[in-house]
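Each chain, written out:
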Amino acid sequence: SFPTRRSSDLVMSHIARLRENTYCLDGQPYAISTHGFARDMVFSLVEQGEDHISLQLTDTPETRKVYPFSFSLTVTYTLEGNRLKKCHRVENRSAVPMLYELGGHDGFRTPLEPGETMADYAVTISGVEELRPYGMDSRCMLTIGEARFPLEGGRIPLSPRAFGLDTIVLDLEGERRAALV
């Protein structure tokens with residue numbers, strides 16, 4: 001099982017999966033699904049305008065069964081010309097330090113126009129020359145694979161096969177921008 005740690009010793013929560021979908025915090029086991037719980041929740045509308053929308057998730061008795069903290073998570077999407085900007089705001093409403101980890105797993109439908117195919121699109125990521133997909137070992141730890149996928153101009157072609165990779169982890173320093181082109 002996942003090691004038991006006190007909250008003062010634990011340095012990160014999880015994005016992905018845990019062995020037996022369980023973690024221990026301050027001696028208490030918590031069962032949590034792969035990638036956490038927020039993805040399965042309905043967010044409330046906080047604010048909406050012509051070029052933006054803010055959605056919020058706050059703790060409930062149900063969330064505290066798997067994540068014992070009082071919190072709010074606000075996600076704001078803003079259109080800036082032909083760009084979509086996404087901002088996460090996490091607020092700790094607990095009296096103790098709150099452990100959390102966020103993963104942005106947004107999805108975008110392609111093709112966008114009639115007559116196009118998914119292969120007409122790509123994702124570009126600045127400063128990336130190759131992808132090395134990670135896998136999970138028997139202890140549910142990320143391990144880098146041997147496969148390498150060279151990219152031309154940071155371009156990841158889109159195809160149904162491209163998404164056969166379980167996880168792409170980019171271990172890069174500095175700010176990176178991804179674009180659907």
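So, here's what we can say about the structure. Here the residue numbers are simple positions, counted from 1 along each chain's written sequence. Since the coordinates come from a predicted model, pLDDT governs what is reported: local features require at least 70, and pairs of side-chain atoms require 80 or more to be given and counted, while whole-chain, interface and lining totals use all residues. The side-chain values count all of the structure's non-hydrogen atoms but skip hydrogen atoms and water molecules.

1. Let's talk about unusual backbone geometry
Peptide bonds are mostly trans, and most non-glycine residues show a negative phi.
Consideration 1: Cis rather than trans, the peptide bond between Thr 110 and Pro 111 has omega equal to 5 degrees.
Consideration 2: Elements are defined by DSSP. Helices are runs of H or I of four residues or more, strands are runs of E of two residues or more, and each kind is numbered from the N terminus. Examined against the element boundaries, Pro 111 turns out to sit in the loop between β7 (83–92) and β8 (122–125).
Consideration 3: Residue Asp 26 is not a glycine yet carries a positive backbone phi of 50 degrees.
Consideration 4: Positionally, Asp 26 belongs in the loop between β2 (22–25) and β3 (28–31).

2. A short note on the nonpolar core
Soluble, globular proteins show a tendency: their nonpolar side chains are buried together.
Consideration 1: Residues Tyr 23, Leu 25, Ile 32, Phe 37, Tyr 67, Phe 69 and Phe 71 are the most contacted members of the largest nonpolar core, which totals 15 residues.
Consideration 2: Listed by contribution, the elements that provide at least two residues to this core are β2 and β6 (71–80).
Consideration 3: To form a nonpolar core, buried Ala, Val, Leu, Ile, Met, Phe, Trp, Tyr and Cys residues must be joined to one another through side-chain atoms within 4.5 Å. Each residue's exposure class comes from its accessible area (1.4 Å probe, protein chains only) as a fraction of the maximum for that residue type: buried when under 20%, exposed when over 50%, partly exposed otherwise. Membership of the second largest hydrophobic core comes to five residues, among which are Ile 125, Val 128, Leu 151 and Ile 156.

3. A few points about the sheet that holds β7
One key point about sheets: their strands pair by backbone hydrogen bonds, in either a parallel or an antiparallel sense.
Consideration 1: In this analysis, strands are considered paired if DSSP registers two or more bridges between them. Strand order in the open sheet made by the four strands is β4-β5-β6-β7, with antiparallel pairing throughout. The open sheet is flanked by β4 (44–48) and β7, the only strands paired with a single partner. When strand polarity is set aside, the average angle formed by the axes of neighbouring strands in this sheet is 20 degrees.
Consideration 2: Pairing between strand β5 (residues 52–58) and β6: seven bridges, direction antiparallel. In the sheet register, His 52 faces β6, and the bridge partner there is Thr 78. Here an axis means a line fitted to C-alpha atoms, over the contact stretch when the element is a helix, while the angle between two N-to-C directions is reported on a 0 to 180 degree scale.

4. Description of the packing of aromatic side chains
Consideration 1: When the centres of two rings from Phe, Tyr and Trp lie within 6.5 Å, Trp using its six-membered ring, the rings pair. Their planes under 30 degrees apart give stacked, over 60 give edge-to-face, and anything left gives tilted. Under the counting rule described, the total for this entry stands at five aromatic pairs.
Consideration 2: Judged by centre distance (5.5 Å) and plane angle (40 degrees), the rings of Phe 37 and Tyr 67 are tilted. Highlighted residues: Phe 37 in the loop between β3 and β4 and Tyr 67 in the loop between α1 (61–66) and β6, separated in sequence by 30 residues. Across the pair, Tyr 67 and Phe 37 agree in class, each one buried.

5. Quick notes on the pattern of salt bridges
Consideration 1: For this analysis, a salt bridge means a side-chain nitrogen from Lys or Arg found within 4 Å of a carboxyl oxygen belonging to Asp or Glu. Applying the stated criterion across every chain, the model contains four salt bridges.
Consideration 2: The shortest N-O distance in the salt bridge between Arg 64 and Asp 59 comes to 2.1 Å.
Consideration 3: Of the residues examined, Arg 64 reaches a relative accessible area of 35% and is grouped as partly exposed.
Consideration 4: Taking the shortest distance from any N to any O, the salt bridge between Glu 62 and Lys 65 comes out at 3.0 Å. Of this pair, Glu 62 and Lys 65 both sit in helix α1, separated by three residues, roughly a single helical turn. Like Glu 62, the residue Lys 65 is exposed in the burial classification.

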